[in-house]
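As a plain string of letters, each chain reads:
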Amino acid sequence: MRKIFIAVLLAMSAGCGVQAANADNPYGISGYLDKSSQTPIAKEEALKHPERLIKVADSLKVRVVNDRLPLYLDQGAFWPSDENPQWRISCNEWEKDHPGLLRVDLRTGKAETIVTGTESCDPVRRTPWGTIVFGEENGGGKQGGRLYELIDPLHTTGVKLDRKTGRFSQGTGAANLTTRPLLGRLSWEGMVVLPSGVVYYTDESRPEKGNPGGAFFKFVPAQPPNGEISALRDSPLTHGKLYGLRIGKHEGGRDYGQGTQWGQGSWIPVEDRSDPDLTKATATQHLTGYYRPEDMDLDRKALAEGKVRICSDETGNEDEAQSWGDTICLADGTVDQPTAGVPQVQPFILGSPALNMPDNIAYQPGRGNWIVHEDGDTDSDLQGFHGNDLWSCRPDGPDDDLQSDGCVRIATLNDGSPTGGEFDASGRHFYVVVQWSSTGYGVLLDITGWR
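Residues numbered from 1 in each chain as written. Predicted model: local features only at pLDDT ≥ 70, side-chain atom pairs only at ≥ 80, totals over all residues. Heavy atoms only, no water.

Caption draft 1: Focus on the overall build of the chain. Scanning the chain for helices and strands turns up five helices and 30 strands. A globule of 451 residues ought to have a C-alpha radius of gyration of about 22 Å, and the chain, at 21 Å, matches this closely. Dimensions of the chain, computed from the C-alpha atoms along their principal axes, are close to 60 × 55 × 40 Å. Counting all 451 residues of the chain, 59% fall into the buried class. (Helix = DSSP H or I, 4+ residues; strand = E, 2+ residues; numbered from the N terminus. Rg over C-alpha atoms; globule rule 2.2 N^0.38 Å. Buried < 20%, exposed > 50% of the residue type's maximum accessible area, 1.4 Å probe, protein only.)

Caption draft 2: How the structure looks around the state of the cysteines. In the structure shown here, the tally under the stated rule is three disulfides. Each disulfide pairs two cysteine sulfurs, and for Cys91 the partner residue is Cys121, the sulfurs being separated by 1.8 Å. With Cys91 in strand 4 (residues 85–92) and Cys121 in strand 7 (residues 121–126), this pair connects stretches of sequence that are 30 residues apart. Across the pair, Cys121 and Cys91 agree in class, each one buried. The side chain of Cys311 participates in a disulfide bridge whose partner is Cys329; the two sulfur atoms lie 2.1 Å from each other. Taking the torsion about the sulfur-sulfur bond, which here is approximately 100 degrees, the covalent link between Cys311 and Cys329 counts as right-handed. Pair noted here: Cys311 is in strand 19 (residues 307–314) and Cys329 is in strand 20 (residues 326–334), with a separation of 18 residues, a long-range link. (Disulfide = S-S within 2.5 Å.)

Caption draft 3: Inspection of the sheet that holds strand 17 (residues 263–269) at higher detail. One open sheet holds the nine strands; their spatial order is 13-14-15-16-17-21-20-19-18, and the pairing between them is antiparallel. Each having just a single partner strand, strand 13 (188–193) and strand 18 (293–298) make up the two edges of the open sheet. Ignoring strand direction, the axes of neighbouring strands in this sheet form an average angle of 30 degrees. In the sheet, strand 17 pairs with strand 21 (residues 344–350) via two bridges, with the strands oriented antiparallel. Looking across to strand 21, one finds that Gln264 is bridged to Gln344. (Pairing = 2+ DSSP bridges. Axes fitted to C-alpha atoms, helices over the stretch in contact; angles between N-to-C directions.)

Caption draft 4: Structural view of the environment of Gly253. With respect to the secondary-structure elements, Gly253 resides in the loop between strand 16 (240–247) and strand 17. Relative accessible area serves as the criterion here: at 14%, Gly253 is assigned to the buried category. Sequence separation between Gly253 and Gln264 is 11 residues, and the spatial gap between their C-alpha atoms is 9.4 Å.

Caption draft 5: Representation of the packing of aromatic side chains within the structure. Counted according to the given criterion, the structure contains 15 aromatic pairs. Residues Tyr72 and Trp94 carry aromatic rings whose centres are separated by 4.0 Å and whose planes lie at 20 degrees to one another, so their mutual orientation is stacked. In this pair, Tyr72 is assigned in the loop between strand 2 (61–69) and strand 3 (73–80) and Trp94 in the loop between strand 4 and strand 5 (99–105), connecting sequence segments 22 residues apart. Exposure remark for Tyr72: the relative accessible area of 15% places this residue in the buried category. A relative accessible area of 28% places Trp94 in the partly exposed class. Seen in terms of ring centroids, Tyr363 and Trp370 are 5.1 Å apart; in terms of plane orientation they differ by 75 degrees. Their pairing is edge-to-face. Its guanidinium or amino end placed over the ring of Tyr441, Arg68 lies 4.7 Å from that ring's centre, counting from NZ or CZ. Here the basic side chain of Arg309 rests over the ring of Phe348, its NZ or CZ set 5.4 Å away from the ring centre. (Phe/Tyr/Trp six-rings, centres within 6.5 Å; stacked < 30°, edge-to-face > 60°. Lys NZ or Arg CZ within 6 Å of the ring centre and 35° of its normal.)

Caption draft 6: Quick look at the sheet that holds strand 3. Across the sheet, six strands lie side by side as 3-4-5-6-10-11; this open sheet has mixed pairing. A single partner strand is all that each edge strand has here, and the edge strands are strand 3 and strand 11 (167–169). Looking at each pair of strands side by side, their axes are set apart by 25 degrees on average, direction ignored.

Caption draft 7: Seen up close, a negative patch on the surface. Taken together, the side chains of Asp319, Glu320, Asp379 and Asp381 present a region of like negative charge at the surface. Examined against the element boundaries, Asp319 turns out to sit in helix 5 (residues 318–321). Judged by its relative accessible area of 30%, Asp319 is partly exposed. (Patch = residues over 30% accessible without salt bridge, like charges linked within 9 Å, V, L, I, M, F, W, Y side chains within 5 Å. Areas by Shrake-Rupley, 256 points an atom, 1.4 Å probe, with all protein chains shown as cover. Salt bridge = Lys/Arg side-chain N within 4 Å of Asp/Glu carboxyl O. Lys, Arg positive; Asp, Glu negative; His and termini not counted. Charge placed at Lys NZ, Arg CZ, Asp CG, Glu CD.)

Caption draft 8: Molecular detail of the confidence of the model for the chain. Looking at the chain as a whole, its pLDDT mean stands at 93, while 95% of the residues score no less than 70. Low pLDDT, under 50, characterises residues 1–23; the predicted model gives this stretch 49 contacts beyond four residues in sequence or across chains. (pLDDT = per-residue confidence, 0-100. Contact = heavy atoms within 4.5 Å.)

Caption draft 9: Representation of unusual backbone geometry within the structure. The omega angle of the peptide bond from Trp79 to Pro80 is 10 degrees, so this bond is cis rather than trans. Tracing the chain through its elements places Pro80 in strand 3. Not every positive phi belongs to a glycine, and Lys209 is a case in point at roughly 50 degrees. Structurally, the position occupied by Lys209 is in the loop between strand 14 (199–203) and strand 15 (216–221). The exposed category is assigned to Lys209, whose relative accessible area is 83%. A positive phi angle, close to 50 degrees, is found at Met357, a residue other than glycine. Relative to the elements of secondary structure, Met357 occurs in the loop between strand 21 and strand 22 (358–363). Judged by relative accessible area, which is 6%, Met357 ranks as buried.

Caption draft 10: Spotlight on the nonpolar core. Among the nonpolar cores identified, the biggest contains 25 residues, and Ile29, Ile54, Leu60, Ile410, Phe430, Ile447 and Trp450 are the most heavily contacted of them. At the level of elements, strand 1 (54–56), strand 27 (407–413), strand 29 (430–435) and strand 30 (442–448) are the ones that each hand at least two residues to this core. Of the residues forming this core, the biggest block, four residues, is contributed by strand 27. What Ile54 contacts, discounting residues up to four positions off in sequence, is Val62, Leu390, Ala411, Thr412, Leu413, Asn414, Leu445 and Ile447. Within the second largest apolar cluster, 22 residues are counted, among which are Trp129, Val199, Tyr201 and Ile268. (Core = buried A, V, L, I, M, F, W, Y, C linked by side-chain atoms within 4.5 Å.)

Have a look at this one:
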C-alpha cells in the first residue's frame, strides 16, 4: 500500500495524470524509489564497483557492459536490429580529436572507434534502409553541426573526418561514410527516422536575447526507401524537401511567435536549400522555438496504426531559473501522407522539482511506457545534492486530458547523468549510459527485470 501511495504522490508532483501502480502493474516492476539519491558515491568505489553508480527499483537488475568507455558517450542505436541487438553504435559528445562514433559489442563490451573528427557527436539512429545516421550538436553557421550517413558499420574502423571539407579518409572503409547537407546545420539532438524515409529532428538551442529556442524540422525524401540499400547513393536522404514547424492557426496562422508553443500549426518550407543554417532559419522564418529540445522517440503504438506521434523532452534550467523542463508530443497525420497532416504539439509531462530537466527519452515496446532521463543540476541551491533519475511514465489513457497517466521513479544515480537509453524489441533489456561521472569514463549498463 505504501508503494502505491508513493507512486500517486510522485505522479502528481511530476505534473502527470494520477494513476498508481495497481494489481495490473502497468510499469512491469516493483519497489519504486521514494526519492532521488542523497549521497554521492566516492570515485574509488565507483571505479571498483561501477554498478553502484545507479540504484534501481527492487525488481530490476543491472549488468555492466563496459565501464571504460569515453566519458561523454551519449546516444546510440542497436545493430543489426532491435530484435537482435549485438552491437551498440554510439556517439561520443566531445571534441574532434577524440573518438566520435564507436561500436560496442553488447556481449563482450569490446569497443572500437569507427570515426574520429566529429564535433560533439550526439544522436545516432539505425535507418530502415540499413544504414546508420549520426549528427553533431554544434549549432548553426558555416561550421555548425551536420548529419552523416554510414553503411556497413561493422567493417568501418579508424576513419578520420575533415569537418572543413566534409570528407572522410584513412582507416578502413572511409568510402562507407558521407555527409547529408540537405538536412542542414544545427545542434543535432532528437531524431526519428520513419520507415517512409521521413526524418524528424530538433535543434538543441535555447532562447537567447529575444531569439527563439530550437525548432522542429522534417525532411521528406523525394523517393521513399525500397528495402535495404547496397550503396550510399541510393539513400533517400540524397533528394527531398525540408520543412520547419510553426505553431499557430488563428485566422490562417497569424498567431505564431512568443506565447504560441502548443496546438496546431503548419510545416513551412525552408528557404535555403543548400546546406542550410537551420538555427538561423528558425528566427528568419518565424518557426516555433522551444527551450533546448533534446532527445525524441517514436510512439510505436501510433506507428502500428499508421499514425505519426513523436515525444520530445525540453530540458529547462533548474538551478539558475527553476525552469523544470517538460515533455511534449508532436502528432503529424499519417505515415503514408507525410505532407498532408496538420501538425499538433501538446504537453505530455510537466516538469517539477521531483522530475526536472528531462533530457533523453525512450519508448518501451509492449507496455507503451516512456522512460524519461534527467540531466539536472545535481547540487542545486533549492535541493542540495540529488541524483539524476530515470522515470517510467504511462501513456495517456481513456480520460479527458492528453497527458501521461502517471510516472514513477525507477532508478536514481549516485553520480553522473543517465543518457542514451533504449530498449530492445522485447521491452525487457534497457541499455543506458552513465555519463559525466567522477570515474572519468562512460559506463554502459544493461538493466533488466521488467515483467
